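What follows is each chain in one-letter form.
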Amino acid sequence: MRNLIPALLLAACFCIFPLPAQAAPDVGMVTESIQARYDSLQGFRTTFTQELTNKASGETEVREGEFLFQKPNLIRWDTSSPEQELLIVGPDAVWDFFPDEEVAYKYPVEAILSSKTMLRFVSGTANLTEDFYVDLEGEEDGLLRMNLVPKEPEAQLVQAYIWVSEEDWLIKKILLMDFSANENKLTFHDLELDPELDASLFEFTPPEDIDIFD
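Residues numbered from 1 in each chain as written. Predicted model: local features only at pLDDT ≥ 70, side-chain atom pairs only at ≥ 80, totals over all residues. Heavy atoms only, no water.

**Overview of the overall build of the chain**
Then step 1. Along the backbone of the chain there are four helices and 12 strands.
Then step 2. Scored against the burial criterion, the 214 residues of the chain give a buried share of 48%.
Then step 3. When contacts within the chain are restricted to residue pairs at least 6 apart in sequence, those whose partners lie at least 24 apart make up 50%.
Then step 4. As presented, the chain carries roughly 10,500 Å² of accessible surface, and 47% of it is formed by carbon and sulfur atoms. (Helix = DSSP H or I, 4+ residues; strand = E, 2+ residues; numbered from the N terminus. Buried < 20%, exposed > 50% of the residue type's maximum accessible area, 1.4 Å probe, protein only. Contact = heavy atoms within 4.5 Å. Areas by Shrake-Rupley, 256 points an atom, 1.4 Å probe, with all protein chains shown as cover.)

Below, the structure is given as structure tokens:
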């Protein structure tokens, strides 16, 4: 989806059982707990900061916005700065809308969620233990850092890192790298679990007089 979908790549959610204070974290226990915690959720709402770094130029673009997810696969990714972009994954179609450019792109849902994009992780269709080789790399800034290498790499995703809080076992940060070593870093803020989300938030009706590419 032009600049958002190739950039978005990885995130699932959360653990349910904390480890004993005296025990060293075990990668199998952690990944299973993350999967179990996510399976227990019906949805979430969070604000985010996204940093997209181009390896060749060294330039970084910082984006901010709000992300909403509702099971089974409803997604609203609303970027507010530096420019507006609205990505809706609805039950029947995916829309990527750029208000300033008066253009919208329409995609089939299957094409988006079947690829290793960020949307696949946050929607829960990615499985950490089945899709990745996972290693624990210790603590960083008070969070557990995990290294994920895809068992079947794609051009958009050859390596990923996630940072998990041992206090609540929520994923706080994600870093994704593509074949060209470009980086997509996503940091979550003010995560709200199982909010009441109106179905209309995951619907999109194209405004009149815009260009639509199907």
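**Thoughts on the pattern of salt bridges**
Then step 1. Within the structure shown, the criterion is met by five salt bridges.
Then step 2. With its nearest N and O atoms 3.7 Å apart, the salt bridge here joins Glu192 to Arg45. Residue Glu192 is located in strand β11 (residues 183-193), and its partner Arg45 is located in strand β1 (residues 43-53); the two are separated by 147 residues in the primary sequence.
Then step 3. Two residues, Glu140 and Arg145, come together in a salt bridge whose shortest N-O distance is 3.2 Å.
Then step 4. Look at Glu140 and you get partly exposed, because its relative accessible area is 29%. (Salt bridge = Lys/Arg side-chain N within 4 Å of Asp/Glu carboxyl O.)

**Section: a negative patch on the surface**
Then step 1. Together, Glu83, Asp100, Glu102, Glu208, Asp209 and Asp211 make up a region of like negative charge exposed at the surface.
Then step 2. Here Glu208 is to be found in the loop between β11 and β12 (211-213). (Patch = residues over 30% accessible without salt bridge, like charges linked within 9 Å, V, L, I, M, F, W, Y side chains within 5 Å. Lys, Arg positive; Asp, Glu negative; His and termini not counted. Charge placed at Lys NZ, Arg CZ, Asp CG, Glu CD.)

**Section: the pairing of β1**
Every other side chain in a regular strand lies on the same face of the sheet, so the side chains alternate between the two faces.
Then step 1. Note that β1 and strand β2 (residues 60-70) share 11 bridges and pair antiparallel. Within β2, the residue paired with Glu51 across the bridge is Val62.
Then step 2. Connecting β1 to the antiparallel partner β2 that follows it, the hairpin turn spans six residues, and Gly58 within it adopts a positive phi of roughly 75°.
Then step 3. By the bridge criterion, nine bridges tie β1 to β11 in an arrangement that is antiparallel. What sits directly across from Thr47, in β11, is His189. (Pairing = 2+ DSSP bridges.)

**A few points about the pairing of β2**
Then step 1. As paired strands, β2 and strand β3 (residues 74-81) are joined by seven bridges and run antiparallel to one another. Bridge pairing links Phe69 to Ile75 in β3.
Then step 2. Once β2 ends, the chain turns through three residues before running back antiparallel as β3.

**Section: the packing of aromatic side chains**
Then step 1. Counted under the stated rule, the structure contains nine aromatic pairs.
Then step 2. Ring plane angle 90° and centroid distance 6.1 Å describe the contact between Phe98 and Tyr105, whose orientation is recorded as edge-to-face. Both residues of the pair, Phe98 and Tyr105, count as buried.
Then step 3. On the numbers, 5.4 Å between centres and 20° between planes, the contact of Tyr105 with Phe213 is stacked. You can see Tyr105 sitting in strand β6 (residues 103-107) and its partner Phe213 sitting in strand β12, a full 108 residues away along the chain.
Then step 4. Overall, Tyr105 belongs to the buried group, its relative accessible area being 18%.
Then step 5. Judged by relative accessible area, Phe213 falls into the partly exposed class, the value being 45%. (Phe/Tyr/Trp six-rings, centres within 6.5 Å; stacked < 30°, edge-to-face > 60°.)

All we've got here are geometric facts, nothing functional implied.
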